[in-house]
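As a plain string of letters, each chain reads:
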Amino acid sequence: MNEKEKVFEAFRLGEPDKVPASLFGGGMWTLFTSGTDFESLIGHPREMARVNIETNRRMGLPIIYMGSGYKNSHIAALGAKMRFRGAGAPDLEEPLIAHADELEELDIDDLARDELVQTVWEATRTVASELGDEIVVAATAWGPFTLAAQIYGVENMMRSVIKRPEDARKVVEFATRLATRFYEPLLEEKVISMISIADMSSSGDLISRRHFAELALPSLQGLIADTKSKGAYTLLHVCGDTSDKLDLLAETGADCVSIDHKIDLGKAKDLFRGKTCLAGNVHPIDVLLRGTPADVEAASRDCLDKAASGGGFILMPGCDIPPNVPEENVRAFLRTAESWTA
Amino acid sequence: MSEEILRKLKQAIIDGEAEDARELARQGLDQGLDPLVLIDEALTPGINRVGELFTNGDYFIPNLVIAGDAMKEAFRVLEPVLAGDRAQNTILGRVVLGTVEGDVHEIGKTLVGTMLTANGFWVTDIGADKTAAEFVAAVQENQATLVGASALMTTTMLEQRSIIEALQEAGLRDQVKVLVGGSPVSQSWADEIGADGYAEDAMSAVDLALRLIDAPE
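Here the residue index of a chain counts from 1 through its sequence in written order. Chains carry letters and ligands carry numbers; both start at the beginning, A for chains and 1 for ligands, and go up in the order they are written. Per-residue local features are limited, in this predicted model, to residues with pLDDT of at least 70; the limit for side-chain atom pairs, both in listing and counting, is 80 or more; totals at the level of whole chains, interfaces and linings are taken over all residues.

A.B. asks: Explain the nonpolar core to me, and be specific about the residues and the numbers.
C.D. replies: The nonpolar side chains of soluble globular proteins are, as a tendency, buried together. One nonpolar core equals one set of buried Ala, Val, Leu, Ile, Met, Phe, Trp, Tyr and Cys residues connected by C-beta atoms within 7 Å. With C-beta atoms placed from the backbone, a residue counts as buried when 20 or more other C-beta atoms lie within 10 Å of its own, as exposed when 12 or fewer do, and as partly exposed for counts between those limits. Counting 195 residues, the largest nonpolar core has Ala138(A), Ile192(A), Leu9(B) and Ile13(B) as its most contacted members. Of all the elements, helix α8 (residues 165-188) of chain A adds the most residues to this core, at eleven residues. Domain boundaries shown here were taken from an automatic or database domain assignment. When residues are assigned to domains, this core turns out to be shared by domain 1 (2-87) and domain 2 (91-214) of chain B, each giving three or more. In this description, a residue-residue contact is defined by the distance between C-beta atoms placed from the backbone, which must lie within 7 Å. For Leu9(B), the residues in contact, after removing those within four places along its chain, are Ala21(B), Leu24(B), Ala25(B), Gly28(B), Leu38(B), Ala42(B) and Ala74(B). In DSSP terms, a helix is any run of H or I states spanning at least four residues, a strand is any run of E spanning at least two, and both are numbered starting from the N terminus.

Below, the structure written as structure tokens:
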């Protein structure tokens, strides 16, 4: 079984001979450790592919997340201005719209005309032709609710959830179509075998279970079902304390759900058993950034002991990792899974 | 009658009804109620109730945002009629609040500002993506005794340390207490960078600020 098969075996709730261990995202870290940055790769798909392939080969990671760190470019493609921040992921200077009516003036196909989106697509094709048989080549975008909050402004989105739920729904529906448009060519050409969805604003730290169920869940289910019909797997990560909606995360249809370091891994394992693969949840800052390799080993072993028995588990950080995480800590993280036995 | 207005105004804050809050604040003034009474007996208990509901898990960020909107609308009516001296005398402390350089996340910091304002602090919110130098300038300009620095990204939390260093260099570190917050931030990070305190959410930021101003120099 190669690395890719091991990951998908875990997705199918099986128990590969070794527990897979993977980063979530890792775009900032990949670029920073390669001595490059987000802005300088625009228009250079071959260079973007090279940086990703080299980092992947050096570290031996089983999943590569193309477009990681560039997720706001999907909104910038439609007219919002993106601001580059060196090692940090680029963000938007202003939300794309102030009122839901403005959605009617937007053309989703502008996404396909954007130079940065095209760079990511082209780099993904190169990476897939090079590594796609051995490892999981995925593309990554914001989850619909998160993307909507970025389009509309987070504060405005939060206000609308209660004051103007119809507007909130319209923006989420638009965001779902935008995310779908991003994955579309890569799925149709069978370039990627998985989509990765990062849904930070669906966090239990922001919205209630009811609002998640009404606004975020249906769009996630639609996007994931669409992906499945095109023959690819889905990995979903929701940030923050989602302990009151873990059962709903298991109902999204995602093959694997990656949870935040705030969640009790054992509790999540019980709720996910027989439904979806669980991934998590080593602390990306307190342990991976600020800990020693021995700290990383201890925290990783703790996660494995709680949730790896019986399969259907991938060791993962509890969120994306900062750019300056020491390489030796990532190695310690991978090594712990490699040597772990029940 | 005044009891009725105070009760309704408090409820308008809890429900996040901005128009009702504005109208009730006006009615209160028309009936001769002291604006400070309207603040102390309706706005503050209202927003603190919202905080309790959040802490208990009944309220989420959308509720906090609309309650904050309602409080601001009422304040806008009351502030111009607060007698200058009297208002100054009731201020517990002057706070400069902002999100650090390179970080555009506004919402958490804004909610902290709302809660501190409602609890008697004078808050100057300098906004998001602000340099250490901008924090220092705002502290000087406002003679602040508290600084709140928010960072929501692992790449920007380092700026909280830069702000503390800049305050030291400007000779202001002894006159201010520095509070840090944001999702990647923790108490151990606050200790490491020499901040005076860490608060997990807007409600605990108020408790922390109250503790810090009572702390012996």
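Okay, back to it.
A.B. asks: Any details on unusual backbone geometry? Residues and values, ideally.
C.D. replies: All names here are of chain B. Here the phi dihedral of aspartate 129 falls at roughly 60°; this positive angle occurs in a residue that is not glycine. Structurally, the position occupied by aspartate 129 is in strand β2 (residues 121-130). Notably, glutamine 143 is not glycine yet its phi reads approximately 45°, a positive angle. On the neighbour-count criterion, glutamine 143 (11 C-beta atoms within 10 Å) is exposed.

A.B. asks: Tell me about the sheet that holds strand β4 (residues 136-142) of chain A, and name the residues and values.
C.D. replies: Residue and element names in this part refer to chain A. Two strands are said to pair when DSSP picks up at least two bridges between them. Pairing is parallel across the open sheet formed by seven strands, whose spatial order is β1-β4-β5-β6-β7-β8-β9. A strand with exactly one partner marks an edge of an open sheet, and here the two such strands are β1 (63-66) and β9 (313-317). Averaged over neighbouring strand pairs, the angle between their axes works out to 25° when direction is ignored. Two elements, strand β7 (residues 256-259) and strand β8 (residues 277-282), share three bridges in a ladder whose sense is parallel. Opposite cysteine 256, over in β8, you have cysteine 277 as the bridge partner. Helix α1 (residues 3-11) contacts β1, β4, β6 (233-238), β7, β8 and β9 of the sheet and is inclined by roughly 110° relative to β9. Axis definition: a line fitted to C-alpha atoms, limited for helices to the stretch in contact. Angles are taken between N-to-C directions and run from 0 to 180 degrees.

A.B. asks: I'd like a description of the pairing of β8(A), backed by residues and values.
C.D. replies: All names here are of chain A. The buried fraction of β8 is high, at six of six residues. Where the polypeptide runs from β7 across helix α11 (residues 265-272) and back to β8, its parallel neighbour, the crossover connection is right-handed. Sheet topology note: the β8/β9 ladder contains five bridges and is parallel. In the strand pairing of β9, leucine 278 is matched with phenylalanine 313. When the strands point away from the viewer, a crossover counts as right-handed if the path from the first strand over the helix to the second runs clockwise.

A.B. asks: Which residues make up the sheet that holds strand β1 (residues 93-100) of chain B, and what values go with them?
C.D. replies: All names here are of chain B. Taking strand neighbours across the sheet as the criterion, the five strands line up as β2-β1-β3-β4-β5 in an open arrangement whose pairing is parallel. Unpaired on one side and paired on the other, β2 and β5 (197-198) mark the two borders of the sheet. The pairing of strand β3 (residues 146-150) with strand β4 (residues 177-181) spans five bridges and is classified as parallel. What sits directly across from valine 147, in β4, is valine 178.

A.B. asks: Which residues make up the interface of chain A and chain B, and what values go with them?
C.D. replies: Across the boundary between the two partners, chain A contributes 20 residues, which contact 17 residues of chain B. Secondary-structure elements contributing two or more residues to the side of chain A that touches chain B are β3 (88-92), α7 (154-163) and α12 (284-289) of chain A. Among the elements that line the side of chain A that touches chain B, the one with the most residues is α7(A), at seven residues. Its residues assigned to classes, the side of chain A that touches chain B comprises eleven nonpolar, three polar and six charged. Lys, Arg, Asp and Glu make up the charged group, whereas Ala, Val, Leu, Ile, Met, Phe, Trp, Tyr, Cys and Pro make up the nonpolar group; the residues left over, Gly among them, are polar.

Read these as layout, nothing more, since geometry by itself doesn't imply function.
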